[in-house]
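Secondary and tertiary structure notes
The primary structure of each chain is shown beneath.
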Amino acid sequence: MNVMNTHKIEERSLIDRFGRKRVGTYMHTADGHKYWPFDPRADEVDIDTIAQHLAGQNRWQGAIRHKRFKSKIFLSVAEHSVMCAAYMIDVLKRPDLMLEALLHDASEAYIGDLIRPLKYSPEFRAPFLKVEELNERAIADRFNLVYPFPPEVKQADEAVCTAESNQCIFRHPDEEWGAVPFLDDSKVAPYEIQMLNPFEAKELFIIAYHDIIADREKYRPLPEAFRV
């Protein structure tokens, strides 16, 4: 392949399937399309893709152990998200915010996440948050979410994180353990962490999504081109 042909391929790769010129490079998605994390568009956000990508991502950077079953060392972002949505109605009594809770980590389907020591450090935080916000806004536009997310979403997230920390994180007795950094552990979600495999977690996420969508218009309009 000569240099001229290579250049043409690179140039063509900057055009999406709708003929739009895009910023940055693309990633592959589970539905076989390109996604442009530096130039996200609401019309390219897909719920099945979000479900599968989140179902394949391990929480706590993989530092997960089931207290009874040694074979369980995986806890997906998808399972975490479903518990956040459940907490929103079970504890906070805000069914109007269940979709926001379910999709609060949806940007991680496209850009991943940083462990908290990095995410909250000045060196890493600013550039990552810029890209995270771009993708969160595209997702919010796609589903007509309340954005920026209201504080109840963070409350649900922290309560579920605390339940995960209590049930799934091993702490060696030789270490001194105090409060978990960057985590408000004053509330604990009242759920047993299942640690589902990725396929089960994806199915759980999709079921939760459709259940929430069925009642969504009671609280907030659905986008005109919404895909259920």
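It should be emphasised that the depicted structure is a prediction, and the values quoted were computed from it without experimental measurement. (Residues numbered from 1 in each chain as written. Predicted model: local features only at pLDDT ≥ 70, side-chain atom pairs only at ≥ 80, totals over all residues. Heavy atoms only, no water.)

A few words on helix H9 (residues 198–216). With 19 residues, H9 extends 26 Å between its outermost C-alpha atoms, agreeing within 8% with the 27 Å of an ideal straight helix rising 1.5 Å per residue. Taken together, the buried positions of H9 are occupied by Ala 201, Lys 202, Phe 205, Ile 206, Ala 208, Tyr 209, Ile 212, Ile 213 and Arg 216. The arc enclosing the buried residues of H9, seen along the axis, measures out at 165°, which places them on a common side. H9 presents Phe 199, Asp 211 and Ala 214 as exposed residues on the side facing more than 90 degrees away from its buried surface. On its buried face, H9 sits against helix H2 (47–55), helix H3 (77–90), helix H4 (98–102) and helix H7 (122–143). Structurally, the start of H9 carries an N-cap: the backbone nitrogen of Phe 199 is 3.1 Å from a side-chain oxygen of Asn 197. (Helix = DSSP H or I, 4+ residues; strand = E, 2+ residues; numbered from the N terminus. Expected span 1.5 Å × (residues − 1). Buried < 20%, exposed > 50% of the residue type's maximum accessible area, 1.4 Å probe, protein only. Arc of directions from axis to C-beta. Contact = heavy atoms within 4.5 Å. Polar contact = N/O pair within 3.5 Å; in protein donor to acceptor, adjacent residues only side chain to side chain.)

Before going further, it helps to examine the confidence of the model for the chain. Any segment with low pLDDT has predicted coordinates that should not be analysed in fine detail. In the predicted model, the chain carries a mean pLDDT of 91, and the fraction of residues at 70 or more is 93%. Confidence drops under a pLDDT of 50 for residues 1–11, and excluding neighbours within four residues, the segment shows 2 contacts in the predicted structure. (pLDDT = per-residue confidence, 0-100.)

So, on to the pattern of salt bridges. A complete count under the given rule lists 19 salt bridges for this structure. Here Glu 132 ties to Lys 119 by a salt bridge, and the two come within 3.2 Å at their closest N and O atoms. With Glu 132 in helix H7 and Lys 119 in helix H6 (residues 116–119), the pair connects residues that are 13 residues apart, well separated along the chain. By relative accessible area, which is 13% here, Lys 119 ends up buried. Across the salt bridge formed by Glu 158 and Lys 154, the nearest N and O atoms sit 3.8 Å from each other. One end of the pair, Glu 158, and the other, Lys 154, are both in helix H8 (residues 151–168), 4 residues apart, so they sit about a helical turn from each other. Overall, the relative accessible area of 7% leaves Glu 158 in the buried class. Using a relative accessible area of 38% as the deciding quantity, one classes Lys 154 as partly exposed. One connected set of salt bridges, linked through shared partners, spans Asp 16, Arg 20, Arg 22, Asp 39, Arg 41, Asp 43 and Glu 44. (Salt bridge = Lys/Arg side-chain N within 4 Å of Asp/Glu carboxyl O.)

A word on the side chain of Glu 152. Among the structural elements, Glu 152 can be located in helix H8. Looking at Glu 152, the relative accessible area reads 19%, which means it is buried. Residues contacting Glu 152, with those up to four places away along its chain left out, are Met 88, Leu 92, Arg 94 and Leu 97.

Take the packing of H2 against H9 next. Contact geometry for H2 and H9: axes closest at 8 Å, N-to-C directions at 140°. By the angle between their axes, H2 is oblique relative to H9. Here the hand of the crossing between H2 and H9 comes out right-handed. The segment H2 lies against H9, with Ile 47, Asp 48, Ile 50, Ala 51, Gln 52, Leu 54 and Ala 55 engaging Pro 198, Ala 201, Lys 202, Phe 205, Ile 206 and Tyr 209. (Axes fitted to C-alpha atoms, helices over the stretch in contact; angles between N-to-C directions. Parallel < 35°, antiparallel > 145°, perpendicular 65-115°, else oblique. Left-handed = near helix turned anticlockwise from the far one by under 90°.)

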